[in-house]
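What the coordinates show
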Amino acid sequence: MNTGVVAVRYAKALLAYAKAQGKARQVFEELQCLNRRFLELPRLQQAIVNPVLPADDKVRLLKEAAGGEGVSDELSRFFRLVLDGKRESYLPFMTWSYIGLYQEDQHIQVGKLVTAVPAGRLECRLEEVIARHTHAKVELETVTDPSLIGGFILQLGDYRLDASVAHQLERVKRQFADMNRRIV
């Protein structure tokens, strides 16, 4: 069966169940934590799919990776369901699918803002403008990159706005080179 289909089906079921229990946000935060652990610790995935490791140990490991003892009962039950169905190899895809479905359901736009220096006011202003135009909540990850010299780069879904000084200088350089090629 297709990995994406399996992951989305499980993620949709978990979202529906978590919403019915009023725990969708908590499960979202726990799965974000688990997703970070999957990225930071590649051996976590290997341990989860290891057939020698007992299911109880796998559940305990997943709960620890998702936030420790405070993990919701909904997520604990979900882990048990996934393990009982022998679908643990799909678990990272399920977490990504749930996160995406939750963000879509809650109208959350996720983006990345790269600036030359820390710019708290710019971030707040961009979040306001984006929220007003998209009618969605906005969550921007902010990164500082001094090589931009000044300005910013905003990545929001498929949209990219490069308003950096480094980009402007590169454009001027290309225009100058193109103009000089015509002269010679």
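That block above? That's the structure.
Here's what I pulled together on the structure shown here. Fair warning: this is a prediction, and the values are worked out from it, not measured in the lab.

Moving on, we get to the overall build of the protein. The helix and strand tally for the protein stands at 8 helices and 4 strands. The linear arrangement of helices and strands in the protein, starting from the amino end, is α-α-α-α-α-α-β-α-β-β-β-α. For 184 residues, the compact-globule estimate of 2.2 N^0.38 gives 16 Å, and the C-alpha radius of gyration of the protein, at 22 Å, exceeds that figure by more than 25%. In terms of principal-axis extent, the alpha carbons of the protein reach across some 70 × 35 × 30 Å. Burial analysis of the protein (184 residues in total) assigns 34% to the buried set. Sequence separation of at least 24 residues holds for 67% of the intrachain contacts in the protein that already meet a minimum separation of 6. As displayed, the protein has an accessible area near 11400 Å², and 55% of this comes from carbon and sulfur atoms. Where the 26 positive side-chain charges of the protein centre and where its 23 negative ones centre are 4 Å apart.

Residues Leu34, Leu75, Phe78, Phe79, Leu91, Met94 and Tyr98 are the most contacted members of the largest nonpolar core, which totals 31 residues. Secondary structure elements with two or more residues in this core: α1 (3-21), α2 (24-40), α3 (42-49), α4 (55-65), α5 (73-84) and α6 (91-105). With 7 residues, the single largest contributor to this core is α1. For phenylalanine 79, the residues in contact, after removing those within four places along its chain, are Leu34, Leu62, Lys63, Ala66 and Leu91. Counting 8 residues, the second largest nonpolar core, distinct from the first, contains Leu126, Val138, Leu140 and Leu156.

Orientation of α3 relative to α4, taken along the N-to-C sense of each, is 155°, at an axis distance of 9 Å. Regarding the angle of α3 to α4, the classification is roughly antiparallel. For α3 against α4, the interelement crossing comes out left-handed. Of α4, the residues touching α3 (which contributes Leu44, Ala47, Ile48 and Val49) are Lys58, Leu61, Leu62 and Ala65. Residues that form the contact of α3 with α4 fall into these classes: 7 nonpolar, no polar and 1 charged.

To continue, consider the pairing of strand β2 (residues 137-144). As paired strands, strand β1 (residues 108-115) and β2 are joined by 8 bridges and run parallel to one another. The residue bridging isoleucine 108 from the neighbouring strand is lysine 137, located in β2. With helix α7 (residues 120-134) bridging β1 and its parallel neighbour β2, the resulting β-α-β unit is right-handed.

Next up on the list: the sheet that holds strand β4 (residues 159-164). Backbone-to-backbone hydrogen bonds join strands into a sheet, with any given pair of strands oriented parallel or antiparallel. Pairing within the open sheet is mixed, and its 4 strands lie in the order β2-β1-β3-β4. Each of the sheet's edge strands pairs with one partner strand only, and the pair in question is β2 and β4. Within this sheet the neighbouring strands show an average axis-to-axis angle of 15°, counted without direction. Both β1 and strand β3 (residues 151-156) contribute to a ladder of 5 bridges, which runs antiparallel. Counterpart to leucine 113 in the pairing with β3 is leucine 154.

Moving on, we come to the packing of α2 against α5. Packing of α2 against α5 leaves a shortest axis separation of 9 Å and a crossing angle of 55°. It follows from the interaxial angle that α2 and α5 lie oblique. Of the two elements, α2 crosses α5, and the hand of that crossing is right-handed. Where α2 approaches α5, its residues Val27, Glu30, Leu31 and Leu34 are matched on the opposing element by Glu74, Leu75 and Phe79. Here the residues of the contact of α2 with α5 sort into 5 nonpolar, no polar and 2 charged.

Moving on, we come to the side chain of lysine 58. Tracing the backbone shows lysine 58 in helix α4. Here lysine 58 falls in the buried class, since its relative accessible area comes to 5%. Ignoring anything within four residues of it in the chain, the contact list for lysine 58 reads Ala47, Ile48, Val49, Asn50, Pro51, Leu53, Leu83 and Glu88.

The rules we used
- The residue numbering used here restarts from 1 in each chain and proceeds along that chain's sequence as written.
- Restriction of local features to residues with pLDDT of at least 70 applies here, the model being predicted, together with a cutoff of 80 or more for giving and counting side-chain atom pairs; totals for whole chains, interfaces and linings are based on all residues.
- The basis for the side-chain values is all heavy atoms of the structure; hydrogens and waters are excluded.
- For helices the rule is a DSSP run of H or I covering at least 4 residues; for strands it is a run of E covering at least 2, with both sets numbered from the N terminus onward.
- Radius of gyration: C-alpha atoms only; globule rule: 2.2 Å multiplied by the number of residues to the exponent 0.38.
- Relative accessibility under 20% of the residue-type maximum defines a buried residue, over 50% an exposed one, and the middle range a partly exposed one, all with a 1.4 Å probe and only protein chains included.
- Only heavy atoms matter for contacts: two residues are in contact if any of them lie within 4.5 Å across the pair.
- In this description, accessible areas are obtained by the Shrake-Rupley approach with a 1.4 Å probe, and a residue is regarded as covered only by the protein chains that are shown.
- A residue counts as positive if it is Lys or Arg and as negative if it is Asp or Glu; His and the chain ends are not included.
- Here the site of a charge means NZ on Lys, CZ on Arg, CG on Asp, or CD on Glu.
- As used in this record, nonpolar core signifies buried Ala, Val, Leu, Ile, Met, Phe, Trp, Tyr and Cys residues forming a set joined through side-chain atoms within 4.5 Å.
- Fitted lines through C-alpha atoms give the axes, limited to the stretch in contact for helices. The angle between two N-to-C directions lies from 0 to 180 degrees.
- By definition in this entry, angles of less than 35 degrees are roughly parallel, angles greater than 145 are roughly antiparallel, angles of 65 to 115 are roughly perpendicular, and the rest are oblique.
- Take the far helix as your reference; a near helix turned counterclockwise from it by less than a right angle gives a left-handed crossing, and one turned clockwise gives a right-handed crossing.
- Under the convention adopted here, Pro, Cys and the residues Ala, Val, Leu, Ile, Met, Phe, Trp and Tyr are nonpolar, Asp, Glu, Lys and Arg are charged, and Gly plus all remaining residues are polar.
- Strands are treated as partners if at least two bridges between them are detected by DSSP.
- Handedness of a crossover is defined as follows: orient the strands so they point away from the viewer, and if the path from the first strand over the helix to the second runs clockwise, the crossover is right-handed.

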